[in-house]
Amino acid sequence: MNPSAGRAFHPLRTMPIGSSASSMSKVNGRVSSGDLSRRPATCDAELLRLATTDGGGIDPELPDRPHVWSVPQLDAKTRALVRLGALVATRTRTPTYARHVADARAAGATDDEVLGVLGAVASVVGLAHLVAATVGVARGLGYDIDAAFERSSDDCVLGSV
Amino acid sequence: LRFVDERHEELLRRLALNDESTVESLLRLPVSDPADSGLDPRTRALVRLAGLVALQSSDASIGWGVTAAYAAGATDEEIVGVLVSVGPVVGLARVNAAAFALAAAMDCDLDLPGDA
């Protein structure tokens, strides 16, 4: 398997979009991509993309396929805020928040509402998750929290609740 | 059974049932809705339910979240919509686990084999 550079890769579909199973060998009835130790350079790029964005190729929307029943949907803004609340609860890595905060703002959420998510889940997730999430959400809002930490180090008693 | 002090037993019972006032006094965090939360009460309740689903909370906690969402004016469509919306973030296992608890809280009989 040697996907051409720039070809979209969808982790959920297990193979690069555009490639066909015929390009892979079949071993014991299973499709094999060959020697796993010879990792294509695109894997490194893909890992970086998955680690630094929100899963990169993973479509945050439901798969676009016809349903025989209608799937309940929230309006775009509520959906983005609800997802943000779930993210806080999963204690995801800081960079992941950026995209979801951007999604919420693009859907019309105000900064007040984005911060309101932290308040809404505070009692449910507890202080540790809340503090961890705050840095990610602040950066997602474009707030330079590192500078704020430096400014406040002199006159703020950290740890007091 | 080992004898457990009545007070301890009562506290455990209240926590297991997700008793709001007990949780509030222990966490020292407001569980009920403050006026200046930044979100309207309905959205706030839905966001909190998303947090409960993501944490794979107990049936009692999810039941509490669903009841609060109904009280804040959320519809069945919106409550199930929370489950659908957080799917890509929390994964299938948590969505599946929460589906049972949500159904129970919504007084909805899934009529599954082996399910009492």
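You'll find the structure just up there.
Criteria and cut-off values
Residues numbered from 1 in each chain as written. Chains lettered and ligands numbered in written order. Predicted model: local features only at pLDDT ≥ 70, side-chain atom pairs only at ≥ 80, totals over all residues. Heavy atoms only, no water. Helix = DSSP H or I, 4+ residues; strand = E, 2+ residues; numbered from the N terminus. Buried < 20%, exposed > 50% of the residue type's maximum accessible area, 1.4 Å probe, protein only. Contact = heavy atoms within 4.5 Å. Areas by Shrake-Rupley, 256 points an atom, 1.4 Å probe, with all protein chains shown as cover. Patch = residues over 30% accessible without salt bridge, like charges linked within 9 Å, V, L, I, M, F, W, Y side chains within 5 Å. Salt bridge = Lys/Arg side-chain N within 4 Å of Asp/Glu carboxyl O. Buried area = accessible area lost by both parts, 1.4 Å probe. Polar contact = N/O pair within 3.5 Å; in protein donor to acceptor, adjacent residues only side chain to side chain. Nonpolar A, V, L, I, M, F, W, Y, C, P; charged D, E, K, R; others polar.

Asker: I'm lost on the overall build of chain A in this one. Help?
Answerer: A count of helical and extended segments in chain A gives 6 helices and 2 strands. Start at the N end of chain A and walk to the C end: the helices and strands fall as β-β-α-α-α-α-α-α. When each of the 161 residues of chain A is scored for burial, the buried share is 35%. Relative to all contacts within chain A whose residues are 6 or more apart in sequence, the contacts with residues 24 or more apart total 54%. Of the roughly 9,900 Å² of accessible surface on chain A, 56% is carried by carbon and sulfur atoms.

Asker: Could you clarify how one ought to interpret a nonpolar patch on the surface in this entry?
Answerer: Residue and element names in this part refer to chain B. A contiguous nonpolar surface patch, about 310 Å² in accessible area, is contributed by L11, L15, L26 and L27. When contributions to the nonpolar patch are tallied by element, the ones reaching two or more residues are α1 (6-16) and α2 (20-27). Among the structural elements, L11 can be located in helix α1.

Asker: What is the right way to look at the interface of chain A and chain B in this model?
Answerer: Interfaces are often sized by the accessible area lost when the parts come together. Tallying the contact residues gives 28 residues for chain A and 30 residues for chain B. Taking both sides of the interface into account, the surface hidden between chain A and chain B amounts to around 2,300 Å²; carbon and sulfur atoms contribute 76%. If you sort the residues of chain A by the area they bury against chain B, P72, S123 and V124 of chain A come out on top, with a joint share of 24%. At the surface where chain A touches chain B, the tally comes to 0 salt bridges. At the surface where chain A touches chain B, the tally comes to 1 residue pair in polar contact (both at pLDDT 80 or more). Of all the secondary structure elements, the ones that give two or more residues to the side of chain A that touches chain B are α2 (76-90) and α4 (111-125) of chain A. The leading source of residues in the side of chain A that touches chain B is α4 of chain A, at 11 residues. Within the side of chain A that touches chain B, the residues separate by chemical class into 16 nonpolar, 8 polar and 4 charged.

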